[in-house]
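Structural overview for review
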Amino acid sequence: MTLDGHTVEFTNPGGEISVSATTICDGQSVFASSTGTSYGVPAHTINWSFNSSGTPSLGTGTSLNINFPGPGTYTLYSIATDACAQTVSSSTVITVNPSPTVTATSAPNPICDGQSSTLTAAGASTYVWSANAGGGTGSTANVTPGVGTTVYTVTGTALGCSNSGTVSVNVNPNPTITASVTPSTICAGQSATLTASGGTTYTWSANEGGSSNNPTTVSPPTSDTYTVTGTDNNGCVSTGQVSITVTPSPTLVVTPATATICAGAIASCTVTGATTYTWSANAGSVNTSTVSVNPSATTTYVVTGDNAGCQSTANFVVTVDPLPSLTVTANPASICAGQTATLTASGAATYTWSANSGGGNGNPITVSPSSTTTYTVAGTQNGCSDSTTVTV
């Protein structure tokens, strides 16, 4: 340039670019400024572009927030033009890293109340889970949420850039399982019916037999508690319990349990072990603990004892031995004074004669009455006795 016969030369030292960062993440911006106004003839214009030609322009000014269209490596140009249309440019390289695509999954899902699910993140290098997932930093997290739907967030980082993903875990409530029994109090040897509700399938405890029947019948020997496990349509499980009271049947003791009598005699016994008693009709249907009977032949008597509605029976057996069938003869049946007659008894095992014959127990015996006399003999067979007479 010539000014008043003098030549003035301008140098174009270029303007340095200052940026807030040379590596950023997708979606972020860079604040850039240029010192390009320090050369040439003012006034200056600063144009910003990703192209050295300055087109298209990102904007003008000594400083500018630069936005990037996506991930990649960009050369940012600052092109300064002075009042004489002279230009100088500077450049710097900006790297825009992509934000990671973070995904999160859960397994199993859905779950039942009280169960756990494992959350797994993918798509980044490092991870941070939300507080409701424990705030851990691994790629997995174990959670045990309450009933309902719970959303978990994981933030993943790769190449210094972060992004988030979410995953939901659905928790189904456990069923309310109830168990009932009818009747709830039984006697030993009786049965009760167990019924479960609140689920769709059931399994009873081992003391029932472990069946899946509903209702089911049990006959416990003593009081017992039964547990049923119920499962609903979601596969969720819960349990219920029910108890049965078993009243033992009375243990009857008949004293004596057996008796042997002679025909015409009376036999008695006493029963214990219950609260109330009822004897069979052949004993008169009496309601006493002691009974006396006079059977003509061997007979069994049955007593029923009751204790709180539970009953049992016992027997009283009476054996009846017949009386001996005695006969006695006198030979001869008529004698003269001073003569003798022979008395012979039969039908028994042992005999005892009346005193007027001498009271002996021999058989036969000889008598010599001074006048017509009647003699009595008692015979015994199997402990039973009877008597008869003969006249000489």
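These numbers come from a predicted model, not from an experiment.

Applying the stated criterion to the full structure yields four disulfides. Paired through a disulfide, Cys 262 and Cys 384 show a sulfur-sulfur distance of 2.0 Å. Judged by the sign of its S-S torsion, about -95°, the bond between Cys 262 and Cys 384 is left-handed. With a gap of 122 residues between them, Cys 262 in strand S26 (residues 258–262) and Cys 384 in strand S37 (residues 384–391) connect regions that are remote in the sequence.

Evaluated as defined, the whole model comprises four aromatic pairs. Summarising the aromatic geometry, the rings of Phe 50 and Tyr 74 are spaced 5.1 Å apart at their centres and angled 40° between planes, so their arrangement reads as tilted. Of this pair, Phe 50 sits in the loop between strand S6 (45–49) and strand S7 (57–60) while Tyr 74 sits in strand S9 (residues 72–81), placing them 24 residues apart in sequence. Residue classification places Phe 50 among the partly exposed residues on the basis of a relative accessible area of 24%. Centroid distance Tyr 301 to Phe 316: 6.3 Å. Interplanar angle 35°. Geometry classified as tilted. Here Phe 316 lies in strand S31 (residues 310–321) and Tyr 301 lies in strand S30 (residues 299–307), a separation of 15 residues in the sequence. When sorted by exposure, Tyr 301 lands in the same class as Phe 316, which is buried. Members of the aromatic cluster, each reached through a chain of ring pairs, are Phe 50, Phe 68 and Tyr 74.

Rules of the game
Residues numbered from 1 in each chain as written. Predicted model: local features only at pLDDT ≥ 70, side-chain atom pairs only at ≥ 80, totals over all residues. Heavy atoms only, no water. Disulfide = S-S within 2.5 Å. Helix = DSSP H or I, 4+ residues; strand = E, 2+ residues; numbered from the N terminus. Phe/Tyr/Trp six-rings, centres within 6.5 Å; stacked < 30°, edge-to-face > 60°. Buried < 20%, exposed > 50% of the residue type's maximum accessible area, 1.4 Å probe, protein only.

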